[in-house]
Amino acid sequence: MVTQPVVVPAECRVEPVEPRETSEPALLPENVTSPVEATRNQLANARLAFLFWQDRASALEEAYDVNAATQRRCAAWARRQDQ
């Protein structure tokens, strides 16, 4: 009986990809004396918060997509070995 070495694909040997870091934005002060300036700062802070959470969600989705694609390739290889 001749045995061949098993060549494990790189996808089965990699660590999961972690989401990239997203830093929290520096917010503008909202406790200023001018109501107009306070409203402007609140609006700017809301925009910054939206962009922060959108970026964070994108980072998680990118990591999930990379990990899922790698897992699919590794699972397909494992299924071929079972045949």
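Everything here concerns the structure above.
One structure accompanies this document, and this report is about it. Just so we're clear, the structure is a prediction, and the values are computed from it rather than from any experiment. (Residues numbered from 1 in each chain as written. Predicted model: local features only at pLDDT ≥ 70, side-chain atom pairs only at ≥ 80, totals over all residues. Heavy atoms only, no water.)

Side note on the environment of Glu 37
Then, in step 1: Among the structural elements, Glu 37 can be located in helix α1 (residues 35-82).
Then, in step 2: Residues Glu 37 and Ala 49 lie twelve residues apart in sequence; the distance between their C-alpha atoms is 18 Å. (Helix = DSSP H or I, 4+ residues; strand = E, 2+ residues; numbered from the N terminus.)

Observations regarding the packing of aromatic side chains
The description of an aromatic ring pair uses the distance of the two centres, along with the angle that the planes make with each other.
Then, in step 1: Under the criterion given, the structure shown has one aromatic pair.
Then, in step 2: Seen from their ring centres, Phe 52 and Trp 53 are 5.0 Å apart, and the 75° between their planes marks the pair as edge-to-face.
Then, in step 3: According to the relative accessible area criterion, Trp 53 is exposed, its value standing at 51%. (Phe/Tyr/Trp six-rings, centres within 6.5 Å; stacked < 30°, edge-to-face > 60°. Buried < 20%, exposed > 50% of the residue type's maximum accessible area, 1.4 Å probe, protein only.)

Some words on the environment of Arg 20
Then, in step 1: In this fold, Arg 20 is placed in the segment before α1.
Then, in step 2: Using a relative accessible area of 37% as the deciding quantity, one classes Arg 20 as partly exposed.
Then, in step 3: Residues Arg 20 and Leu 60, spaced 40 residues apart in sequence, show a C-alpha to C-alpha distance of 7.8 Å.
Then, in step 4: In contact with Arg 20, other than residues within four places in its own chain, are Asp 55, Ser 58, Ala 59 and Glu 62.
Then, in step 5: Side chain to side chain, Arg 20 and Asp 55 meet in a polar contact 3.0 Å long. (Contact = heavy atoms within 4.5 Å. Polar contact = N/O pair within 3.5 Å; in protein donor to acceptor, adjacent residues only side chain to side chain.)

Describing the state of the cysteines
Then, in step 1: Within the structure shown, the criterion is met by one disulfide.
Then, in step 2: Covalently, Cys 12 is tied to Cys 74 through a disulfide, its sulfur atoms 2.0 Å apart. In this structure, the disulfide formed by Cys 12 and Cys 74 twists by about 125° around the S-S bond and is classed as right-handed. Of this pair, Cys 12 sits in the segment before α1 while Cys 74 sits in helix α1, placing them 62 residues apart in sequence.
Then, in step 3: Here Cys 74 falls in the buried class, since its relative accessible area comes to 17%. (Disulfide = S-S within 2.5 Å.)

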